[in-house]
Amino acid sequence: MTETLFVSDVHLAPERPALLALFTQFLATRARHAAQVYFLGDLFDRWIGDDDPTPDYQAVIAQLRALRDHGTQCYLMSGNRDFLLGRRFMHAAGCQPIPDPAIIVVAGERVLLSHGDHLCTDDLAYQRFRRRVRHPLVQWLFLLQPLARRQQIARRYRQQSQTATARKPTAIMDVNHHAVVAALTRHQSLRLVHGHTHRPADHQLHVQGQSAQRHVLAAWDDQRGEVLATAQGNWWRESVDAVTGSKSAA
Ligand code: LP5
Ligand code: MN
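Analysis parameters
- Residues numbered from 1 in each chain as written.
- Chains lettered and ligands numbered in written order.
- Predicted model: local features only at pLDDT ≥ 70, side-chain atom pairs only at ≥ 80, totals over all residues.
- Heavy atoms only, no water.
- Pairing = 2+ DSSP bridges.
- Helix = DSSP H or I, 4+ residues; strand = E, 2+ residues; numbered from the N terminus.
- Axes fitted to C-alpha atoms, helices over the stretch in contact; angles between N-to-C directions.
- Near = heavy atom within 4 Å.
- Polar contact = N/O pair within 3.5 Å; in protein donor to acceptor, adjacent residues only side chain to side chain.
- Areas by Shrake-Rupley, 256 points an atom, 1.4 Å probe, with all protein chains shown as cover.
- Salt bridge = Lys/Arg side-chain N within 4 Å of Asp/Glu carboxyl O.
- Buried < 20%, exposed > 50% of the residue type's maximum accessible area, 1.4 Å probe, protein only.

Trainee: Describe the sheet that holds strand E9 (residues 210–216), with residues and values.
Mentor: Note on sheets: strands pair through backbone hydrogen bonds, and any given pair is parallel or antiparallel. On the basis of which strands lie adjacent, the open sheet formed by five strands has the order E5-E6-E7-E9-E8 and mixed pairing. Strand pairing shows two members of the sheet lacking a second neighbour, strand E5 (102–106) and strand E8 (201–207), which therefore form its edges. Across the sheet, the mean angle from the axis of one strand to that of its neighbour is 25°, orientation sign disregarded. Looking at chain direction, E5 and strand E6 (residues 109–114) are connected through five bridges and run antiparallel. In the strand pairing of E6, Ala 102 is matched with Leu 113.

Trainee: Can you explain the site of ligand 1? Please cite residues and give values.
Mentor: Inspection of the region around ligand 1 gives 24 residues, with Asn 80, Arg 81, Asp 123, Arg 158 and Lys 168 positioned closest. Lys 168 is positioned such that a nitrogen or oxygen atom in its side chain is 2.7 Å from an oxygen atom of ligand 1. In the complex, 87% of the free accessible area of ligand 1, which totals 1,100 Å², lies under the protein chains. Elements with a contribution of two residues or more to the shell around ligand 1: helix H4 (124–133), helix H5 (136–144) and helix H6 (147–167). Sorting elements by how many residues they give to the shell around ligand 1 places H6 first, with nine residues.

Trainee: Describe the pattern of salt bridges, naming the residues involved and giving the relevant values.
Mentor: In the structure shown here, the tally under the stated rule is 18 salt bridges. Put simply, Asp 45 and Arg 46 hold a salt bridge, and the shortest N to O gap is 2.8 Å. Both residues of the pair, Asp 45 and Arg 46, count as buried. Here Arg 199 makes a salt bridge to Asp 174, at a shortest N to O gap of 3.5 Å. Here the residue Arg 199 occupies a position in the loop between strand E7 (191–194) and E8, and Asp 174 occupies one in the loop between H6 and helix H7 (177–186), the gap between them amounting to 25 residues. Within this structure, Glu 15, Asp 42, Asp 45, Arg 46, Arg 81 and Arg 158 form a network of salt bridges that share partners.

Now the structure itself:
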């Protein structure tokens, strides 16, 4: 049976050893039984450039590479915290980069993949911030800075973001329904898989008179992660934890 897994918002960071261990275990065990794994953004809590020599990051790169060498194809989309993942990382980790959004065909069905942040169109302050940091010139200037300076800026952005999100109404930090319907319509798809909002759920909706699904992936924490899995047209969620894994229907 050919299985495809979807993972998002792991938020790996050197200061989170338990999470690194959980993810390492996932790559070495469950992920190896899948034909493909799609990482849909924010695999890292922050990414300041592929030249970062942090040993924990180098270990993750080696583990991703080992998964690929074992025969599992890894596809990687970047998110709002790790959008600076570049070609050097992808090559070293044996991951194939995919754009946001991306269309894949699974069991004959067109499935739309996205991190999800660009669908949060009601969060105007974030969309302004996003346009600024995604500008190639801004990124080029950032990458010219020494590593220590980049660490400092990234930490400051994360702090600013935590302060800003604590103050924002929760409704504006979710995806906008019209943006979701427009994206599915544009890409002629009836199934969307995304992360970012940290509100795991399986939503039913209607797109041009047809029934559609929106699967929201969960963020990982130190004790537990979650993957969405599909095989032969069936979709389900699996828990990833340090002791055992359990299944529930999507
Ligand atoms: O990720 P999450 O869920 O916490 O919040 C997001 C939005 N926040 C972000 C910011 C990231 O967390 C920080 C990314 C660090 C990346 C490291 C590389 C640095 C590269 C630099 C440039 C090339 O994406 C948050 C959304 C939320 O999702 C829900 O959708 O609301 O958006 C914000 O919080 C943005 C604020 O609304 C506006 C922020 C203004 C920041 C001003 C920065 C000043 C600091 C100056 C430092 C030099
Ligand atoms: Mn995100």
